[in-house]
Amino acid sequence: MVLSGRSRIKSPWMLHFDTGSCNGCDIEIWALLSPRYDIERFGILNKANPKHADILLVTGPVTRKVEDRLRLLYEQMPEPKLVVAVGDCASTGAPFSDCYNVNGGIGRVIPVDVFVPGCAARPEAIIDGVVLALKTWKERKFSSKTKDETIKEPREREVRN
Amino acid sequence: MSMDLAGILVSAALFIFAPIGVGLIMGIDRKVTAHMQNRVGPPITQAFYDLVKLFGKRPMLMNRGQAVFAVTCLMMQAMALAVLVAGGDLLVVFFVSGAGSVAFVLGAFSARSPYSYFGAQRELLQILAYEPVLLLVILLIGYDRGSFVVGGINSSLLPSLILALLALVIVLVIKLQKSPYDIATAHQEIVSGPYVEYSGPYLAVTKLANWFETAVILGILTLFFWNGNVAISVAGKASIVVIAIFASQIIDNITARLTKERMVKFTLTAGILLVAVNMTCIFLVRQGVL
């Protein structure tokens, strides 16, 4: 079990989803994959497939059109999984929070583990966010007694608009 | 094929350590690739972290057939490796491993997903490309030695079969899912092809099957060197594997993905040509012409 927990932290495959972002944060996420930030050194691979992914990196304020797709992607990811909201839009909706066609942050649609602020979020901040998410995972993992408890927790926190 | 206790122990150890070795090779492969691209790269044990993590995830299936085919594929590849390390018949190794590849394709076809279908079709084309070449190389080994039994090979194949070794490197590039022939698992194009509908433990099973498959092809490569002295023999075998993997890695890093038509065309022409020239040479040497 310890081995499995350690492997989980050492090999978080990511899925990136743009929910109507201006592409500022997306560019910064792509920068992570470049040799300069080389996120593969943490074992992170960009999988582009919810069924292989452990971490969902979401950018954008979640337009109403994309809301169902975001929920679908989240549900297709096998447990255990993490969600990181990248940027101000993904965290709160930022300048778009009052728009009629926007949900105002991904927390309104799926449970979020870590919010990374910034417009756009800097690559260093995104790495910090992912590492922080993995840390909360580790604590949750080792503090809870049963596996089911860790899996149910996000579902209970789910907020529907 | 009479075997004593020591022989059985050596075979069992090889069977257990070969896939572990392949996992390490994959880790080193990623590290070296990262350094070639001026990156730091993941630790060399990364492949094991990935595998253990996948086994620890919650199982999710599209249908039951997926799991059946994944496990069949793993068992076939493991059986092929078992026959190889036990010093069995190369043809049996080839056909059992081939059946495993077909089981994997069926697993990909069993899920109703366009990417999975694309991947399965492309995997079939890959099999069409490398399988004849691999079979011809094995037939050539049989022609050269008069037998397909691995245990009977007690001198290096390298001097007489050097062109066949080159043909095997082409096969290796496809089997290791590397550019320019990572047609089926093309990540940017069709996500990960036949793997796309697998997740968690079942993905881990298919990955493990791939490790065994790679161990089989690397095992065939090790036959090209043999020496009476065990230390020299092991060193020679290891260096052939290292050189072949490094060559495939360089090819991976300096080429872009080609189309599936070009893969089939090139692999069949170059592979069959290399084997044919090699066979002609062996024939001429036997006739005393060369």
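Residues numbered from 1 in each chain as written. Chains lettered and ligands numbered in written order. Predicted model: local features only at pLDDT ≥ 70, side-chain atom pairs only at ≥ 80, totals over all residues.

A. Geometry of helix α2 (residues 24-32) of chain A. When we look at burial in α2(A), the residues that qualify are A:Cys25, A:Glu28, A:Ile29 and A:Leu32. Looking down the long axis of α2(A), one finds its buried residues gathered within 100° of arc, a one-sided arrangement. (Buried ≥ 20, exposed ≤ 12 C-beta atoms within 10 Å, placed from the backbone. Helix = DSSP H or I, 4+ residues; strand = E, 2+ residues; numbered from the N terminus. Arc of directions from axis to C-beta.)

B. Summary view of the confidence of the model for chain A. All names here are of chain A. On average, residues of chain A score 81 in pLDDT, and 85% of them are at 70 or above. In the model of chain A, helix α6 (residues 147-156) stands out as the element of lowest mean pLDDT, 41, in contrast to strand β2 (residues 55-59), which has the highest, 92. Counting interchain partners and residues more than four positions distant, the pLDDT-below-50 stretch residues 142-161 has 17 contacts. (pLDDT = per-residue confidence, 0-100. Contact = placed C-beta atoms within 7 Å.)

C. Structural view of the pairing of β2(A). All names here are of chain A. Counting buried residues along β2, five of its five residues qualify, which places the element largely inside the surrounding structure. Burial along β2 is two-sided: the face carrying Ile55, Leu57 and Thr59 and the face carrying Leu56 and Val58 are both buried. Where strand β1 (residues 14-18) lies against β2, five bridges are found, and the strand directions are parallel. Along β2, the bridge assignment pairs Leu15 with Leu56. Regarding the hand of the β-α-β motif, the stretch spanning β1, α2 and β2 is left-handed. Examined bridge by bridge, β2 and strand β3 (residues 82-86) share five bridges and lie parallel to one another. Paired with Leu57 across the two strands is Val84, which belongs to β3. (Pairing = 2+ DSSP bridges. Right-handed = clockwise from strand over helix to strand, strands pointing away.)

D. Representation of unusual backbone geometry. Here the amide bond leading from A:Glu79 into A:Pro80 is cis, since omega sits at -10°, within 30 degrees of zero. The omega angle of the peptide bond from A:Cys119 to A:Ala120 is -10°, so this bond is cis rather than trans. Of note, A:Ala120 is situated in the loop between β4 (114-116) and α5 (123-143). Backbone geometry places A:Val62, a non-glycine residue, at a positive phi of 65°. Of note, B:Val191 is a non-glycine position whose phi angle comes to about 60°, a positive value. Classification of B:Val191 by C-beta neighbours within 10 Å gives buried; the count is 21.

E. How the structure looks around the interface of chain A and chain B. Counting residues at the interface gives 18 residues for chain A and 23 residues for chain B. When residues in the side of chain A that touches chain B are grouped by element, the largest group, five residues, is from helix α1 (residues 2-10) of chain A. Here the residues of the side of chain A that touches chain B are counted per class, giving five nonpolar, six polar and seven charged. (Nonpolar A, V, L, I, M, F, W, Y, C, P; charged D, E, K, R; others polar.)

F. Quick look at the packing of helix α3 (residues 64-85) of chain B against helix α4 (residues 90-110) of chain B. Residues and elements named next belong to chain B. Running from amino to carboxyl end, α3 crosses α4 at an angle of 165°, the nearest separation of the two axes being 8 Å. The pairing of α3 with α4 is recorded here as roughly antiparallel in orientation. For the crossing formed where α3 meets α4, the hand is left-handed. Between α3 and α4, the contacting residues are Gly65, Gln66, Phe69, Ala70, Thr72, Cys73, Met76, Gln77, Met79, Ala80, Val83 and Leu84 on the first element and Val92, Val93, Val96, Ser97, Ala99, Gly100, Ala103, Phe104, Leu106, Gly107 and Ser110 on the second. When its residues are assigned to classes, the contact of α3 with α4 shows 15 nonpolar, eight polar and no charged. (Axes fitted to C-alpha atoms, helices over the stretch in contact; angles between N-to-C directions. Parallel < 35°, antiparallel > 145°, perpendicular 65-115°, else oblique. Left-handed = near helix turned anticlockwise from the far one by under 90°.)

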